[in-house]
Amino acid sequence: MSGRNNNKLPSNLPQLQNLIKRDPPAYTEEFLQQYRHYQSNVEIFKLQPDKPSKELAELVIFLAQVGHCYPEHLVDFPQQLKELLSYNHTVLDADLRMTFCKALILLRNKNLINPTSLLELFFELLRCHDKLLRKTLYTHIVTDIKNINAKHKNNKVNTTLQNFMYTMLRDSNPTAAKISLDVMIELYRRNIWNDAKTVNVITTACFSKVTKILVAGLKFFLGKDEDEKKESDSESEDEGPTARDLMVRYATGKKTTKHKKKLEKAMKVLKKHKKKKKPEVFNFSAIHLIHDPQEFAEKLLKQLETSKERFEVKMMLMDLISRLVGIHELFLFNFYPFVQRFMQPHQREVTKILLFAAQASHQLVPPEIIQSVLMTIANNFVTDKNSGEVMTVGLNAIKEITARCPLAMTEDLLQDLALYKSHKDKNVMMSARTLIHLFRSLNPQMLQKKFRGKPTEASSEARIHEYGELDAKDYIPGAEILEVENKEEEEEGKHEEDGWQSASLSEEEDDEDGEWIDVHHSSDEEQQEVVEKIKSMPVEEQKAKAAAVSTSRVLTQEDFQKIRLAQIAKELNSAPGKAAKRKNIEIDSDEGRRGELLSLRDIEHLHKKPKSDKETRLATAMAGKTDRKEFVKRKTKMNPFASSTNKEKKKQKNFMMMRYSHNVRTKNKRSFREKQLALRDALLKKRKRLVK
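For the structure given in this document, a descriptive report is provided here. (Residues numbered from 1 in each chain as written. Predicted model: local features only at pLDDT ≥ 70, side-chain atom pairs only at ≥ 80, totals over all residues. Heavy atoms only, no water.)

1. Examining unusual backbone geometry
Then, in step 1: One non-glycine residue, Asn 191, adopts positive backbone phi at about 65°.
Then, in step 2: Tracing the backbone shows Asn 191 in the loop between helix 9 (174–189) and helix 10 (196–202).
Then, in step 3: One non-glycine residue, Glu 349, lies in the positive phi region at around 55°.
Then, in step 4: Here Glu 349 is to be found in the loop between helix 19 (335–340) and helix 20 (350–359). (Helix = DSSP H or I, 4+ residues; strand = E, 2+ residues; numbered from the N terminus.)

2. Digging into the packing of helix 1 (residues 13–22) against helix 3 (residues 54–65)
Then, in step 1: Contact pair helix 1 / helix 3: the axes reach a minimum separation of 10 Å and the direction vectors enclose 10°. What the angle tells us is that helix 1 and helix 3 run roughly parallel. Within the contact between the two elements, helix 1 uses Leu 13, Leu 16, Gln 17, Ile 20 and Lys 21 and helix 3 uses Glu 58, Leu 59, Phe 62 and Gln 65.
Then, in step 2: Residue composition of the contact of helix 1 with helix 3, grouped by class: five nonpolar, two polar and two charged. (Axes fitted to C-alpha atoms, helices over the stretch in contact; angles between N-to-C directions. Parallel < 35°, antiparallel > 145°, perpendicular 65-115°, else oblique. Contact = heavy atoms within 4.5 Å. Nonpolar A, V, L, I, M, F, W, Y, C, P; charged D, E, K, R; others polar.)

3. Looking at the pattern of salt bridges
Then, in step 1: Scanning the model with the defined rule gives 13 salt bridges in all.
Then, in step 2: Between Arg 97 and Asp 130 there is a salt bridge whose closest N-O contact spans 3.5 Å. Within this pair, whereas Arg 97 is found in helix 5 (residues 94–109), its partner Asp 130 is found in the loop between helix 6 (115–125) and helix 7 (131–148), the two being separated by 33 residues in sequence.
Then, in step 3: Among the ionic pairs, Arg 348 bridges to Glu 312, the shortest N-O distance being 2.6 Å. Of the two residues, Arg 348 sits in the loop between helix 19 and helix 20 while Glu 312 sits in helix 18 (residues 311–328), which places them 36 residues apart along the sequence.
Then, in step 4: Using a relative accessible area of 38% as the deciding quantity, one classes Glu 312 as partly exposed.
Then, in step 5: Each of Glu 186, Arg 189 and Arg 190 takes part in salt bridges that share partners, so that together they form one network. (Salt bridge = Lys/Arg side-chain N within 4 Å of Asp/Glu carboxyl O. Buried < 20%, exposed > 50% of the residue type's maximum accessible area, 1.4 Å probe, protein only.)

4. A short note on the nonpolar core
Then, in step 1: By size, the foremost hydrophobic cluster in this structure holds 150 residues, and its most contacted members are Phe 100, Phe 221 and Leu 320.
Then, in step 2: Of the residues forming this core, the biggest block, ten residues, is contributed by helix 18.
Then, in step 3: Ignoring anything within four residues of it in the chain, the contact list for Leu 320 reads Cys 206, Leu 218, Phe 221, Leu 222, Ile 287, Phe 296 and Leu 300.
Then, in step 4: Core analysis: the second largest hydrophobic core is formed by nine residues, Ile 481, Leu 482, Leu 555 and Ala 566 among them. (Core = buried A, V, L, I, M, F, W, Y, C linked by side-chain atoms within 4.5 Å.)

5. Here we look at the packing of aromatic side chains
Then, in step 1: Counted according to the given criterion, the structure contains 13 aromatic pairs.
Then, in step 2: Both rings, one in Phe 31 and one in Tyr 35, keep their centres 6.2 Å apart while their planes meet at 10°; by these two values the pair is stacked. Residue Phe 31 and its partner Tyr 35 are both found in helix 2 (residues 28–47); the two are separated by four residues, about one turn of the helix.
Then, in step 3: Taking the centre distance of 6.2 Å and the plane angle of 80° together, the rings of Phe 45 and Phe 100 count as edge-to-face. (Phe/Tyr/Trp six-rings, centres within 6.5 Å; stacked < 30°, edge-to-face > 60°.)

These figures capture arrangement, not role.
This is the structure in structure tokens:
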């Protein structure tokens, strides 16, 4: 008993730590004894910093755990630890260095250290050749900055750290620079540092000589990281139950329909909650926050022209430049001839290069520059010597470029391309049709008369603006429809009483006759009447009414929907003096919205599925033959490792050895009856073997 109740506190640090946390004043003497022991160990450590010390590591963790209990005694402890790390981190033992870092993280979590100085020290420690340490520090830096900005943005700390990271990105150590960049990208992705300063610091990474840093910066602006790791940490950060928790909770008990409905409802609520908590991230918002996109794009192009990086990296640079030019409508005339060099059907990733050319086109680029790009694509791709897929890709690229810069298309080239409407390949034919359809809405006069289609109100008004021309209006086009509808509603209000009387009379007649009366009412007819009234008005009167409506009232979403409906009706309604095309219009709220960027599908889109080659068909056939054991001959041997019989050995022998044997010689002399019996016996024997 005496041994068990012995006081082992001086040597048993976990027990002492537990007791101190319960009652700090009662164990002050024991704590001070351990603190003096720690100081003496530190002095010994300073003499040989590269030597491992397990005792010192235990004491450091102990003091960090109880630091909040004796803050007045441990005022210098955090600073002392930071100095030991900053002066000796290159020669320190890996385990001891990790222990010091963990102790500092503990003290920071208890808010006993200033975050700025500690994070600066941790960024310096990223230079160490210790992967586990770097991973631990990266996680802590991101989490700590997130917690600092949890309640409100701490601009003072953020500014200091951003300035420090700007210097770290230019650090001579590539590993430290790369992790610093990863920290900034992760904080932007989590919507913590989503300001313009962070984005413009990350732009410096796009000019790094280290390929890893360059690629990380390019991926950030191209938005590829979000596609690669979708919601990797978002679920773990959310508080409350996860989908797995709900599944486990509702898996127990009876499997009833009520139980199943409860689970479905709970999953819907969880999904809605997650959606609500998820921060809103705008598409390609990083590109919009760049201070000077023109200078940035020019520097990137200069780097691309002299770059000796891999082809994949060059493609990423071209992608970013094209996005910058298209979104900000920049003037970068040297980019188009550079891209033209790669426009060959045999070029690797040529569809992406065509996509970059389309993305970099906009209305402010002089038409002569884009014309040369169009002619290059037409000469290299849209020729009969190429396959149907190559011609289709070329026509799709021309369509996307001219949709963004219509002035680049010449009348001769358009008429030549329109003739492919009757091409034998269906993909080429459909691509030519889409190009014709595009110019029916942009400028039908450029097409031959037979390709213009039936004229509509929209096509009669359509015209391509001159270079640099702005069509500024002081009214909302199509707003006149609201005034016409309002007048009709007022007229209906005046005759409301007459309407009620006629309805009551019809009810009485219905009671007398005992028959149903078919009351025909159609919103499509009303819509058609409104459109007809507007069509009969002069153009000047339409503009005046639209201006009056635009300035006299605040329009709601329903009003804008009606205006949009009327504008689309112009594309369907025939021009005055022509037969009507359609009577009703269906509209979708998301229809007609064109994104800032194109997708690769716009270039590679094939209307007809290509015929698969022999290898593909063979691979598909073999994939279906996964389990064919029932068709394999069964082995009759009880022991698979047993030797073969004499009968089996005879089958393997050479015929010249067996030609004079009795069996072979008598085989030819058998009668027809003997052959019949032999065949019967053979078939019976085979059937018995299959039945087994």
